[in-house]
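Tertiary structure, described
Letter by letter, the chains look like this.
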Amino acid sequence: MKKRVTFALDQDVAAELKTISDETMIPQSRLVEKAIEEVIEEEKKKIDQGLV
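In this text the structure is predicted, and so the values were computed from the model without any measurement.

Scanning the entire structure with this criterion turns up five salt bridges. The closest approach of N and O atoms between E33 and K2, which form a salt bridge, is 3.1 Å. With a gap of 31 residues between them, E33 in helix α2 (residues 28-48) and K2 in the segment before α1 (11-24) connect regions that are remote in the sequence. Here D22 ties to K18 by a salt bridge, and the two come within 3.0 Å at their closest N and O atoms. Residue D22 and its partner K18 are both found in helix α1; the two are separated by four residues, about one turn of the helix. What emerges from the salt-bridge pattern is a single network uniting K2, R30, E33 and E37.

Have a look at this one:
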């Protein structure tokens, strides 16, 4: 199940996101979701290693 969320991005980041989305035909929401999933995994690893 998906949950709608709202957040703001820096204008330059939003422009790059749109460009990548247009070039890859991957929806912006999917690119953002993928990026967040990667950050979550990285942070979980740091927590597990006691680095945070």
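After presenting the structure, the write-up continues.
Together, D10, D12, E16 and E23 line one region of the surface with negative charge. Relative to the helices and strands, D10 is located in the segment before α1. For D10, a relative accessible area of 49% translates into the label partly exposed.

Here is what the cut-offs are and how they apply
Residues numbered from 1 in each chain as written. Predicted model: local features only at pLDDT ≥ 70, side-chain atom pairs only at ≥ 80, totals over all residues. Heavy atoms only, no water. Salt bridge = Lys/Arg side-chain N within 4 Å of Asp/Glu carboxyl O. Helix = DSSP H or I, 4+ residues; strand = E, 2+ residues; numbered from the N terminus. Patch = residues over 30% accessible without salt bridge, like charges linked within 9 Å, V, L, I, M, F, W, Y side chains within 5 Å. Areas by Shrake-Rupley, 256 points an atom, 1.4 Å probe, with all protein chains shown as cover. Lys, Arg positive; Asp, Glu negative; His and termini not counted. Charge placed at Lys NZ, Arg CZ, Asp CG, Glu CD. Buried < 20%, exposed > 50% of the residue type's maximum accessible area, 1.4 Å probe, protein only.

What is shown is where atoms sit, not what they do.
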